[in-house]
Amino acid sequence: MAQAIRMALHYAEEHLGVTDIFGEDVGPPLGGVFTVTQGLSTAWNTPLDERGIVGMAMGLAFAGQRPVAEIQFCDYAFNTMDLLKLAGQMCWMCNGDWNLPMVLKTPVGAGIRGSIYHSHSFDAVATHLPGWRVVMPSTPLDAYGLMISACQEANPVMFLEPKALLRVRGDEPIPGEPADPRALSKMIDAPLGDRSGWRPQWPALSAYAVPIGKGKVVRPGGQLTVVSYGRMLPLCAKAADDVAAEGVDAEVIDLRTLAPYDWDLVKASIEKTGRALFVNEDTEVTNFGEHLVRRAVDELFYRLLAPPRLLAGKAVPGVGLADNLERASVPQPPEIAAAMRELAALAP
Amino acid sequence: MAQAIRMALHYAEEHLGVTDIFGEDVGPPLGGVFTVTQGLSTAWNTPLDERGIVGMAMGLAFAGQRPVAEIQFCDYAFNTMDLLKLAGQMCWMCNGDWNLPMVLKTPVGAGIRGSIYHSHSFDAVATHLPGWRVVMPSTPLDAYGLMISACQEANPVMFLEPKALLRVRGDEPIPGEPADPRALSKMIDAPLGDRSGWRPQWPALSAYAVPIGKGKVVRPGGQLTVVSYGRMLPLCAKAADDVAAEGVDAEVIDLRTLAPYDWDLVKASIEKTGRALFVNEDTEVTNFGEHLVRRAVDELFYRLLAPPRLLAGKAVPGVGLADNLERASVPQPPEIAAAMRELAALAP
Amino acid sequence: MAQLVRIRDELPLPRDLLVRLHDLMVQARALEERLISMYKSGHGYFWIGGPGEEAFSVPLGLLMKKGQGPAYDFLHAHYRQSGTILALGEDPVGALRQMKNTASDPYSGGRNFGGHYSIRRLNVVPVTSTIEVQYLMAPGTALAQKRHGGDAITIVTGGDAGTAEGDFASCLLWTTRPGQELPVLIVVTNNQWGISTPAATVHATRNLSDRGKAFGMRTKTIDGNDPIASYQELAEAMAYVRKERRPFLLEAKVSRLYGHSSASGANLVAEEQDCLRGYEAKLERYGVLDREQMDAVRVRHAEALAQAARAVIEEPQPSPDSIWDHVFAPKDGG
Amino acid sequence: MAQLVRIRDELPLPRDLLVRLHDLMVQARALEERLISMYKSGHGYFWIGGPGEEAFSVPLGLLMKKGQGPAYDFLHAHYRQSGTILALGEDPVGALRQMKNTASDPYSGGRNFGGHYSIRRLNVVPVTSTIEVQYLMAPGTALAQKRHGGDAITIVTGGDAGTAEGDFASCLLWTTRPGQELPVLIVVTNNQWGISTPAATVHATRNLSDRGKAFGMRTKTIDGNDPIASYQELAEAMAYVRKERRPFLLEAKVSRLYGHSSASGANLVAEEQDCLRGYEAKLERYGVLDREQMDAVRVRHAEALAQAARAVIEEPQPSPDSIWDHVFAPKDGG
Ligand SMILES: Cc1ncc(C[n+]2csc(CCOP(=O)(O)OP(=O)(O)O)c2C)c(N)n1
Ligand SMILES: Cc1ncc(C[n+]2csc(CCOP(=O)(O)OP(=O)(O)O)c2C)c(N)n1
Ligand SMILES: [Mg+2]
Ligand SMILES: [Mg+2]
C-alpha cells in the first residue's frame, strides 16, 4: 500500500497540480518512516512541528497551491486539533469566500507493536470535525484511487493510512504497475545506503480514482451486515469467510470514506439482512461506529432483527506494547468471528 | 452558578489543599471572564498559552500540588488535546506509579451568542479521553458539590461549565450561602472600578459534595426517559413539564457526570419506560449521546418500545452568530418537546 | 510659491499622503465608534476592534500590494485590523453588516463576530478568533509567493499577549529555514495588555521583537502611535522583505483606546495615548490641514457611517437553513 | 607519594569521581548495547536510547538531588536518558524488563517502549514519546519547588529537532515570568539530527541556546561529548539554578552513536564521535585507569547485563486483563 500511495502522489504531482508533499522526514533521504514518499519530486522535510505543518498546508492552500501534508503518526496530530477544526471550518466561516484544497495524510491504528504512542486511531476525532472529507483505504488499489480523488478535491481531505497495511500487497494491481513486485520495487523503492544519486523510475500511471463517499461490498451475504474500514476490514472479510463454513452468511462492506460515508449502501444492506455489526479499532466510547449504530437505529429500528452491534477498541488509555495487551485492546479475528456468530444467532 | 463554583474553589483552597487556580485572566483584577475566580487567594494570571496552562497543571500535580486550571473557553482547548490525552494516560502508562490530581475547568456550549469561537461543546472529545473524570453541572448546587468532589479526586477531572448557565441562580441554596442574593453579591462579587483594595468576605461554607459518577432524576416519569446534562438539562426539564399537560409523562435524568456516567440510573429508567431520548448540544456525528444510544441498544434492545433517539447539535462547522443560525444549530425548547411527543407516540 | 515648495520639502511624507493617512485614520476610528455604538444600542452582540491602532494599521494597508493570488500581498490579520482593511479600499458598510450579522455580511454571512474579515479578492484570509494560529499559516502563503517569483509578501499581525503561544515561535522558525527563508512581515501590535493581564507580568522579553534575533531575523520595535514613523518603518521593512525574500519581525507599540472589547465595556480609556490626536496636532503644525478641515473629515465619515448603519440594521438576517450552506466548497472551489 | 599528590592536583575532577563517571558511562553504554542486542534477537519490539550521550547524561544524574517530592530534583526526560537514570542509582534490570515488556517492567508494566522511564521515588516523571511536551510540565514541578523553599530544581531534557515545537518556546516564557522565575535547568541535547533530517536544514539558530537570550535567561552551549567539561558546566549551571531560582538553558552537543532507533537499524555509526573512547584515552593519560582496568569494567557490566537479560526474557508477560489496571488511581493516589 505504501507503494500505491507513492504512485498516486507521483501521479498527482505530475497531473493534478500537487505542489508540496511535506512533513517530518518525508523528503529525501528517508522518504517517510513508512517509505510512502520516497522519490517524489515535491517532497520535503519540515521542522519537527506538527502545528507548523498543518499551518503550512493551510497557508499553501490559501495561496492556490495543492499541498499534501503528513503527520508522521496520527498520535502526534492531537496538538493540531484546533487547526484541523479551523481547516474544516474555513469555507463555512467565511460563507464560501475561501476554500482549502489540502490533503492531510497520517498513519493510524495498531498492529505493528507500536505501543502507546504509535497505535492511536483517529477516526473518532476525524469524523467529529465538520468540513473534512475523511478516507481510509483497506487495499492498495483503493489507497491509490482515494489519493487521486483527494488530490482533486476542493476541500480538506484527511487520508488515514492503516499503518499495519502499508506493507501489504493487494490482489488488484494499480493500473500501470508491473506484474512482478520485484520489478516495481526496483523501479520505485529507494536503495539501501547512499541514495543521493538515486532517482525512481515511475511506471506509466493513470488517473484511476475511487470516488470519495462510495463504499464497496467486498463480500456479499444475506444474513448479517458487517461494516468496517482500514485495518479491520480484511480481518472482517476473513472472519466472514471463516463463519461462512458454519452457515453464517455475512455481507461485508468496506466503507472506504468515513465522511461523507455511503449510507445508502449500508442502509440497503441492513434493510436486506436486518442485522448489523460495525467494526473499528478506535476506543469505544464516543466512537464513529456508535454514530452508525445510532443512524441504523434511527432509520431502521423496525426492520432490525437484532440489536446493531459495535466491536471496537477497549476504552483504556492506550494500546500496550506486550502482545497480550495489544490483543486485549483492539479487536482480534476470533472476537470478530464470534460477534458475527452471536449476532446471526440472535432471535428477533 | 459562577458564584457557586467560586465558593467551592474558596472552600477547596481553605480545606482541600488546592494550591493554584490559574488561567488567562483568572487572577486579579478580573477574576475570570465569567467572574468565576474573583477574590480567590490562590488565583493567578497566566501567559496566553493554553498548552502552557495544561502543562503547568500537570507539573504541579506531579509535584503534589492541587491545581485547578482554566481554559478560558473550551473552544481554545483543542490545541491541547495531546496533553489532555497524556494527562488521562499518565497513571495507566506508568502502571500506577504516578497519578495526577488536577482539575481542568472550562466554559462550554452555546447560548450566549458567542458565535463560532465561543460556542463549541467539549463533551464528545472529553468522553473520548480515557483516564479523565468528566463532570458538567446544570445547577449551582451541583456545580458547588461537583467542584468539591473534583478537588478531592486523585485523577484528572474535567469540569465543564455550561457558560449560558453561569449567571443563573439556583433553586437550592449552597449550604452557608446567605438567603438574600444581594447580600451574597456584596460579600463575594468584586466591585466595579478599582479593585486593588477589595477582599471578599466568604460565607461559612461546608464540604457539600456531589459524588462523581452519580446522576439524578430531576423529574420522575413513567413513559419516556430523557437523559441530558449542562445547559440542555433545564430545557429538557421545562419541555417535560410542558408536554406533561398533553399527557406525555417523561422522566428527566441529569447525568451530571459524563465519565464515569451513572449507567445504573439510566438503565433502570429505560427498563421502566422503554423509551429513551438523549439530548446534548455537541455536534451530532461521533457524539457522546450516540454512545448512550449504543449502550441502550446493546443492553436493552428487547425491552425498548421505540428507537432510542439523540437530539444534538447539527453537524455544521460552527454555531453562527445571528439568532437564526444559533437556533438552527443547537437544540431549542420546541424541538426538545417535539422529540418527546414523537417518541412517546411511537407504537412498539 | 517658493514658500509652499519649502514647506512641502520639509514634510516628512508627501502632502497628499499625509492627508490620505489622516482621512483613513479618521474613517477607521469613526467606523469603530459606529460599531461600538451599534453594539451599545443592541444592534450587535459583541464588539472587538482596533481603535488606537490606526496610526499603524492604516499605513500597513496603504503599503500593501493589492490583489488576488500569489503575485499580491497576503494579509493574515487578527481582530483589530479594520484600519488596514479600509486602507485597502474596502467599503466600511461590510463591517457594519457583520456587526449586525445580516445575511449580506460580506465576510461571514452573519456567522462571525465583527472585525473578522475575509476578502479573497484582496488576499485577506479569514480572521479567526483563535489567537496566534495565523502565524502558522503565514509561512504557507509566503512559500507560494516565493515560488511564484516577484515581490509579493505575506503580512501577519497579532497582539503582544498572543506571542506566548508556541505558534509565534513556530512562525519565527518556519520563516528562517536555512536556504528556505520566507518573505513574511511578522507584526506584533503591542498594546501592553492581554484582556486584563498586563504584559509586564507575563513577559520577560524587553522588546518582543528580540524574539527574532536568535533566528537571525531582522527586527525592530517602533512607535505605532505615530503614523509617519509607522509609514516610514513599514515602508523600509516591507521593501526589505520584498527584495530579500526574508522575514522581518516588526513590533509596533500601540494603544487600546476602548479597552479589550465589549466584554470589558468598550469605553474610552483616558490614560491611553490617542494616535489621532497627536497626528492632528502635527498636521496643523505642518500646515497640511487645519482644525476646521479635520473636523469636516470626521463629520463626513461619522455621518456616512451613521447613515449606512441605519440602512444596515433594516437588512434581513440569514435564514435558519443557511447553516447548511458552504460546509463544503463545490468541486471547482467556488 | 609526592608524585601521586601532584597528579591528583592536576586532575580536573577528583579521582574517585573520574572513576565513577567512567564506570557509569560504561554501564550505560553496555546497557544500551544489551538492549539493542535484545531487540535484534527478537526480545523486544523497538529500541531507542542514549548511546553517545553518556558523557552528558551520566554527570547530570550524578549531580541531581535524589529523592521524592518537591524537596528533591525533578527529571522530565526524553527517551535517551538511560545514563542519567543509572547515575541516579537505578538497577539496569528495569530497562531490560521494559525492553522485553514483561509484567515486571517497573516503568510501565510492559506497556511502553524501552527507555520510557517512570520512577516516582526519584522524581522521574513518566517519559512520553510525544516530543517536547515535557518542556510544558517542567515549569509546574519547578513552581512547586520554588514555593516549597530549599534548593531543589527541575531538569528537563530533549533533542534539538524537538525545539521546533512551540512547547520549547513556552518553557522559555513560563520560566521567566517577571518576578515568578522558575528553577529549571532546560537542557537540549543537540545531536544534529531529527530522525533523518539534519538540524542545519531546518534551524537557522546558530546555537540553540541563543533561543533563551531574548528572555533574559542564562544560556550556554557546551561539548556534551566531554564528561569532565559536562560535569563542570552542569555543576555550575545547576548551582546557579539552585541558588538564584531562575532558569538556565544549556545546550549540549552530543552524538547519536547507533542512529535514531531500531527503526533506522540501530547500527553503530562510524562517523559519530564516541565520548567513551575519548574519555578513556584521557583517563589513561591522567593515569587514573589503565586499559586493562577499563576493559575489566566493560566486561563486568556487559556480563552482568547479559546474565540479567537471560533471566528477564524468561519472565512472564502481563496478562490480557491487566489492561484494565490503573486506568484510574485509587482515591488516596495509590
Ligand atoms: C487561543 C485563544 N486563547 C484565548 C483567547 C481569548 N482571548 C481573546 S483576546 C485575548 C487577549 C489577546 O491579547 P493580545 O494577543 O495582546 O491581543 P490584543 O487583544 O491585546 O490586541 C484572549 C486571551 C482566544 N481568542 N484564543
Ligand atoms: C510530537 C512528536 N512528533 C513526532 C514524533 C516522531 N519522532 C520521534 S523522535 C523524532 C526526532 C526527534 O529528534 P530530536 O528532538 O532531535 O531528538 P533525538 O531523537 O535526535 O534525540 C521524531 C520526529 C514524536 N515522537 N513526537
Ligand atoms: Mg495586547
Ligand atoms: Mg536530535
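Residues numbered from 1 in each chain as written. Chains lettered and ligands numbered in written order. Predicted model: local features only at pLDDT ≥ 70, side-chain atom pairs only at ≥ 80, totals over all residues. Heavy atoms only, no water.

K.L.:
Sorry if this is basic, but what is going on with the site of ligand 1 here?
P.N.:
Taken together, 20 residues form the shell around ligand 1, and within it Glu50 of chain B together with Tyr79, Arg80, Asp160 and Ala161 of chain C come nearest. The separation between an oxygen atom of ligand 1 and a polar side-chain atom of Asp160 of chain C is 2.8 Å. With respect to ligand 1, the backbone of Trp193 of chain C contributes an N or O atom lying 2.8 Å from an oxygen atom. For ligand 1, whose unbound accessible area comes to 580 Å², protein coverage reaches 96%. The residue makeup of the shell around ligand 1, split by class, is seven nonpolar, eight polar and five charged. (Near = heavy atom within 4 Å. Polar contact = N/O pair within 3.5 Å; in protein donor to acceptor, adjacent residues only side chain to side chain. Areas by Shrake-Rupley, 256 points an atom, 1.4 Å probe, with all protein chains shown as cover. Nonpolar A, V, L, I, M, F, W, Y, C, P; charged D, E, K, R; others polar.)

K.L.:
Would you take a moment to explain the domain arrangement of chain A for this structure?
P.N.:
How big an interface is tends to be expressed through the accessible area that disappears when the partners come together. Residue and element names in this part refer to chain A. Domain annotation for chain A reports domain 1 (2–188) and domain 2 (216–345). If you average the C-alpha positions of domain 1 and of domain 2, the two centres end up 25 Å apart. At the junction of the two partners, domain 1 supplies 28 residues and domain 2 supplies 26 residues. Here domain 1 and domain 2 share an interface that buries about 2,100 Å² over both sides, 54% of which is from carbon and sulfur atoms. Across the contact surface, domain 1 and domain 2 share three salt bridges. (Domains from an automatic or database assignment. Contact = heavy atoms within 4.5 Å. Buried area = accessible area lost by both parts, 1.4 Å probe. Salt bridge = Lys/Arg side-chain N within 4 Å of Asp/Glu carboxyl O.)

K.L.:
Sorry if this is basic, but what is going on with the coordination of the magnesium ion (ligand 4) here?
P.N.:
Ideal values for angles at a metal depend on the geometry: 109.5 degrees with four tetrahedral donors, 90 or 180 degrees with six octahedral donors. Residues and elements named next belong to chain D. The coordination sphere of the magnesium ion (ligand 4) contains the protein donors Asp160 (OD), Asn191 (OD1) and Trp193 (O), at a distance range of 2.0 to 2.1 Å. Mapped onto the sequence, the residues coordinating the magnesium ion (ligand 4) show the spacing D-x30-N-x1-W. In this pair, Asp160 sits in the loop between strand E2 (154–159) and helix H7 (166–174) while Trp193 sits in strand E4 (residues 193–194), placing the two residues 33 residues apart along the sequence. Taking relative accessible area as the criterion, Asp160 reaches 2% and is therefore assigned buried. (Donors = N, O, S within 2.8 Å, 3.2 Å for Na, K, Ca; no water. Helix = DSSP H or I, 4+ residues; strand = E, 2+ residues; numbered from the N terminus. Buried < 20%, exposed > 50% of the residue type's maximum accessible area, 1.4 Å probe, protein only.)

K.L.:
When you look at the coordination of the magnesium ion (ligand 3) in this model, what are you seeing that I'm missing?
P.N.:
Residue and element names in this part refer to chain C. The protein atoms that coordinate the magnesium ion (ligand 3) are Asp160 (OD), Asn191 (OD1) and Trp193 (O), at distances spanning 2.0 to 2.1 Å. Sequence positions of the donors to the magnesium ion (ligand 3) reduce to the motif D-x30-N-x1-W. Classification of Trp193 as partly exposed rests on a relative accessible area of 32%.

K.L.:
Can you help me understand the pairing of strand E3 (residues 67–70) of chain A in this one?
P.N.:
Note on strand geometry: in a regular strand, side chains alternate between the two faces of the sheet. Residues and elements named next belong to chain A. Here E3 shows a buried face lined by Pro67 and Ala69 and a second buried face lined by Val68 and Glu70. Across three bridges, strand E1 (residues 20–23) lies against E3 in parallel orientation. Looking at E3, one finds that Phe22 is bridged to Ala69. One ladder, built from three bridges, connects E3 with strand E4 (residues 103–108); its direction is parallel. When the bridges of E4 are listed, Glu70 appears paired with Lys105. This β-α-β element, E3 to helix H3 (residues 81–93) to E4, shows right-handed connectivity. (Pairing = 2+ DSSP bridges. Right-handed = clockwise from strand over helix to strand, strands pointing away.)

K.L.:
Explain the relation of the copies chain B and chain A here, please?
P.N.:
Each of the two copies of the chain can be brought onto the other by a rotation about an axis and a shift along it. Superposing chain B onto chain A requires a rotation of 180° together with a translation of 0.0 Å along the rotation axis, leaving an RMSD of 0.0 Å. Both copies of the chain, as the preceding transformation shows, are related through a two-fold rotation axis. By C-alpha distance to the rotation axis, the residue of chain B lying nearest is Asn79 of chain B, at 2.3 Å. Comparing interface residues between copies, 100% of those in chain B also sit at the interface in chain A, which points to an isologous, same-surface contact. (Least-squares fit on C-alpha atoms with pLDDT ≥ 70 in both.)

K.L.:
Could you clarify how one ought to interpret the sheet that holds strand E12 (residues 309–313) of chain B in this entry?
P.N.:
Strand pairing in a sheet relies on backbone hydrogen bonds, with the paired strands running either antiparallel or parallel. Residues and elements named next belong to chain B. Ordered by their spatial adjacency, five strands build an open sheet running E7-E9-E8-E11-E12, and the pairing between neighbours is mixed. On the outer flanks of this sheet lie strand E7 (216–219) and E12, each paired with one strand and no other. Across the sheet, the mean angle from the axis of one strand to that of its neighbour is 25°, orientation sign disregarded. Judged from the three bridges that link them, E7 and strand E9 (residues 250–254) form a sheet pairing that is antiparallel. The partner of Lys216 across the bridge, within E9, is Asp254. (Axes fitted to C-alpha atoms, helices over the stretch in contact; angles between N-to-C directions.)

K.L.:
How should the site of ligand 2 be read in this particular structure?
P.N.:
Near ligand 2 there are 20 residues, and of these Glu50 of chain A together with Tyr79, Arg80, Asp160 and Ala161 of chain D occur at the shortest range. Mapping the residues adjacent to ligand 2 onto the chains of the assembly identifies chains A and D. The separation between a nitrogen atom of ligand 2 and a polar side-chain atom of Glu50 of chain A is 2.5 Å. Asn191 of chain D has a polar side-chain atom sitting 2.8 Å from an oxygen atom of ligand 2.

K.L.:
Could you clarify how one ought to interpret the state of the cysteines in this entry?
P.N.:
Residues and elements named next belong to chain A. Considering all chains together, one arrives at zero disulfides over all chains under this definition. With no disulfide of its own, Cys91 lies closest to Cys94 among cysteine sulfurs, the gap being 5.9 Å. Look at Cys94 and you get buried, because its relative accessible area is 2%. (Disulfide = S-S within 2.5 Å.)

K.L.:
What should I look at first to understand the interface of chain B and chain C in this one?
P.N.:
Residue-level contacts link 32 residues of chain B with 27 residues of chain C. Where chain B abuts chain C, roughly 2,400 Å² becomes buried across the two surfaces, and 65% of that area is made up of carbon and sulfur atoms. Three residues, Leu48, Leu321 and Leu325 of chain B, lead the burial of chain B against chain C; their summed loss comes to 25% of the area buried on that side. Across the chain B-chain C interface, the total number found is zero salt bridges.

K.L.:
Mind showing me how you'd approach the environment of Thr197 of chain C here?
P.N.:
With respect to the element layout, Thr197 of chain C can be found in strand E5 (residues 197–198). Counting along the chain gives 102 residues from Thr197 of chain C to Val299 of chain C, while the straight-line C-alpha distance between them is 35 Å. Apart from residues lying up to four places away in sequence, Thr197 of chain C is in contact with Asp25, Asn45 and Thr46 of chain B together with Gln192 and Val202 of chain C. One polar contact links Thr197 of chain C to Asp25 of chain B, side chain to side chain, over a distance of 2.9 Å.

K.L.:
Can you help me understand the interface of chain B and chain A in this one?
P.N.:
Each partner contributes to the interface: chain B provides 50 residues, whereas chain A provides 50 residues. Summed over both partners, the interface of chain B with chain A buries about 4,400 Å², with 64% contributed by carbon and sulfur atoms. Together, Trp92, His128 and Arg294 of chain B form the three largest contributors to the area buried by chain B at its contact with chain A, with a combined 16%. Among the ionic pairs, Arg294 of chain B bridges to Glu284 of chain A, the shortest N-O distance being 3.6 Å. Linking chain B with chain A are 28 residue pairs in polar contact (both at pLDDT 80 or more). Secondary structure elements with two or more residues in the side of chain B that touches chain A: helix H3 (81–93), helix H4 (123–127), strand E11 (276–283), helix H9 (288–300) and E12 of chain B. The element contributing the most residues to the side of chain B that touches chain A is H3 of chain B, with eight residues. When its residues are assigned to classes, the side of chain B that touches chain A shows 29 nonpolar, 12 polar and nine charged.

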